[in-house]
Amino acid sequence: MTEPVSSTSATNPAVVTLTTACPFDCPDACSLEARVEDGRVTKLDGSHVNPFTAGYICAKVRRYPEAVYGPDRMTHPLRRVGAKGEGRFERISWDQALGEIVERVQALRAKGVPEAILPLCYGGSNGLLTHDAVDSRFFRRIGASRLARTVCAAPTRRVATALYGRMAGVAPQDFRHSRLIVVWGTNPSASGIHLVPLIRDARVAGAKLVVIDPRRTPLAKQADLHLAVRPGTDLAVALSIHRHLFRTGAADLEFLRSATDGWEELERRADEWTFERAAEVSGVPVADIERLATWYAEISPAVIRVGWGSERNRNGGSATAAVMALPAVAGKFGVRGGGYLQSNSGIWNNEIDGAGTIAEPEAATRLINMNRIGEALLEAEPPVELLFIYNCNPAMTLPNQEKVLRGFAREDLFTVVFDPFLTDSALWADLALPATSFLEHAELTRGYGAMLLQDAPAVADRVGEARPNYEVFGELIERLGLAHPDDAVAPEDVRRKLLGSANGIGEALDRDGVAFSSFGQGPIQMMDELPRTPDRKIHLCPADLDREAPGGLYGFRDNPSNPGFPLTLVSPATNKTISSSLGQLVKAKAAVDLHPDDAAARGLEHGAEVRVWNELGEVHCLLRVTTEVRPGVASLAKGLWARHTANGRTANALAPDDLTDLGGGACFNDARVDVAAR
Ligand SMILES: Nc1nc2c(c(=O)[nH]1)N[C@H]1C(S)=C(S)[C@@H](COP(=O)(O)OP(=O)(O)OC[C@H]3O[C@@H](n4cnc5c(=O)[nH]c(N)nc54)[C@H](O)[C@@H]3O)O[C@H]1N2
Ligand SMILES: Nc1nc2c(c(=O)[nH]1)N[C@H]1C(S)=C(S)[C@@H](COP(=O)(O)OP(=O)(O)OC[C@H]3O[C@@H](n4cnc5c(=O)[nH]c(N)nc54)[C@H](O)[C@@H]3O)O[C@H]1N2
Ligand SMILES: [Mo]
């Protein structure tokens, strides 16, 4: 518990206002104020500690206390008594639960197959103290299989690393200096709301806005130009812009020669992409692509907000590379408000050392791609026998849901689910363990849009017997006799090790609860901040990417012609959930969005009960007929729970477990489906 910043009630000293920060998987990393009464949070709102939060937060996180104290909260350890997946449990003690896990770990280690143990974790707690810290130490020390954490941002990270060494992007607050803002494959109105007023301010000052998205998102509705591309075709559009830049003399050859390599190869590969060909592939009028190319050549400062929606398909890696190469080719760097913003999560890498909290290096045990978890559970040799799920809700969030659930159903698999809530994944647990919510444990948060670190101290009493990740993994290590005397377990010790003596960050956090990156106002790319590649150059056609991509880097792969399933399903973030987190607060039943033409062609009306299906599975939900999706595209929200559809399945029942061209990422937006009345 922290010191109260103010007492909100003169008559009741048990009511205090405490500061903390939001650790959810979102670029904005909001600073929060919590009103706490008798150890319970009764109100959660934004604060000004993070200037980017500016005192307001999204409606869903404001409602988080309803979830924390609501009926889906897990309050004590549970052991399965019913059939797998049925969700019937009996209450047990932590001592029994941890004892059982220890016995199973010891048995697998004694049999010589510690790789039969697999952690399954991702973005639930995006903080630095509850992820990649004591938990990683536990799995390394027991010799478990490793998880390739590829469900999100794998292609973009791979590309950002190879091209730019993950250099810091244009700060959101610098968008106001931009005269052209291109929002490419992202919907900040849902997925990072604090960028929206900054874009609005820039437009008031005369900036043009372009949105590239198969859906008419809120920003697309206001944009000067909206390119409603077919999903998976951004590569064609971006390459045709490159061709235009090179052919019209708008490419900044001086910059390309001095600061980059690989540009001649990019020029060669882009040359076949006329506007006409890009238009045919992407389903966007030639004139619109041409207008974007002309604006991009002529207007500066120009910034591209590079999103994640456009990475989640078979061309997602090459597409992201082609988009991120645009500012280099057009010479857009070197001015405030010019360049790109992708993820800023890498900017602390020189200062904080996650691995520093763990004594041993990562061992080369078997690596399992989480996007293929169903296949791994059903087919891997040696079989996975002990699955430890935490910070993740894989039954709902991973592709090829039917296969994932078949994997969970294996009688000889022992599944532990450690989560604050009884999620749809927890229903499959042999042991379900209650975790603290971020209101109840200490965290250190890092924004991946906003460039700051914040202390997020516990503000509330723990609910029931819930325990934080660091305590549970610390105790498992202890019980297995694997602890080292200098292991950092307590959050303040992990935090101290993480921060080391780096650049006064720890001091700033102690003093202010927040530490800003050294960029102050935000970096001017290629001036204040150079690529963090080994030679500090931009690599526009890196050999390793070229080898990895099945069609070579920038090689377009057509959508498989699948006449049985003419619609492409996308499943984007909504303002109701963060991935599946907070989904328990959503009461409305899910609806799939379809363009009026596609609905009419199927004789379907708004509000109809429909089935959306393909060869992998089906979802029974409602139909929303709307011009917010382009023809040929269906859209069903990301992050649904089983309760939101009539058959307990979500978009991931339809998403293939194919991998992206680069980084082994998920192809959520590459599902082919059809829709019919039910
Ligand atoms: N409220 C809320 N905020 C979130 C999240 C959330 O679930 N809810 N999730 C967080 C996480 S984990 C992440 S990774 C980010 C993701 O944030 P975003 O980058 O916004 O990603 P998505 O919501 O997946 O998709 C964004 C847009 O891409 C479009 N799109 C789909 N396919 C394509 C394509 O092929 N090309 C183009 N150009 N556009 C396409 C979709 O229609 C959608 O409007 O947001 C984070 N913030
Ligand atoms: N169809 C479709 N599916 C998608 C996407 C898509 O675009 N379309 N997007 C994908 C993306 S971008 C992402 S990032 C993934 C995210 O997928 P997941 O990583 O599964 O994220 P969440 O659904 O938020 O589930 C995180 C869980 O962690 C729990 N948790 C929170 N804090 C703690 C803690 O301190 N300790 C423990 N033990 N548990 C905690 C939460 O309660 C929650 O149940 O989903 C992916 N799934
Ligand atoms: Mo994500």
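The preceding data block contains the structure.
My aim in this report is to walk through the structure given alongside it, one point at a time.

Rules behind the numbers
Residues numbered from 1 in each chain as written. Chains lettered and ligands numbered in written order. Predicted model: local features only at pLDDT ≥ 70, side-chain atom pairs only at ≥ 80, totals over all residues. Heavy atoms only, no water. Helix = DSSP H or I, 4+ residues; strand = E, 2+ residues; numbered from the N terminus. Buried < 20%, exposed > 50% of the residue type's maximum accessible area, 1.4 Å probe, protein only. Pairing = 2+ DSSP bridges. Arc of directions from axis to C-beta.

### Some points on unusual backbone geometry
Following serine 300, the chain continues to proline 301 via a peptide bond in cis, the omega torsion being -10°. You can see proline 301 is positioned in the loop between α13 (286–298) and β13 (302–306). Following glutamate 381, the chain continues to proline 382 via a peptide bond in cis, the omega torsion being -10°. Here the phi dihedral of alanine 29 falls at roughly 50°; this positive angle occurs in a residue that is not glycine. Note on placement: alanine 29 falls in the loop between β2 (15–21) and β3 (31–37). For alanine 29, a relative accessible area of 7% gives the class buried. The phi dihedral of tyrosine 554 is positive, around 70°, even though this residue is not glycine. Residue classification places tyrosine 554 among the buried positions, given a relative accessible area of 3%.

### Structural notes on the pairing of β3
Here is the key point about a regular strand: its side chains alternate between the two faces of the sheet. Pairing geometry for β2 and β3, over seven bridges, is antiparallel. Note on β3: the bridge partner recorded for threonine 19 is glutamate 33. Inspection of the sheet shows β3 paired to strand β4 (residues 40–46) by six bridges, in the antiparallel sense. In the sheet register, leucine 32 faces β4, and the bridge partner there is glycine 46.

### Notes on helix α12 (residues 275–282)
Within an α-helix, residues lying three or four positions from one another point in the same direction, as the helix has 3.6 residues per turn. Buried residues of α12: Phe275, Ala278, Ala279, Val281 and Ser282, and no others. Angularly, the buried residues of α12 cover 165° about the axis, an arc narrow enough to put them on a single face. Note on α12: the residue one or two positions beyond its end, glycine 283, has a positive phi of about 75°.

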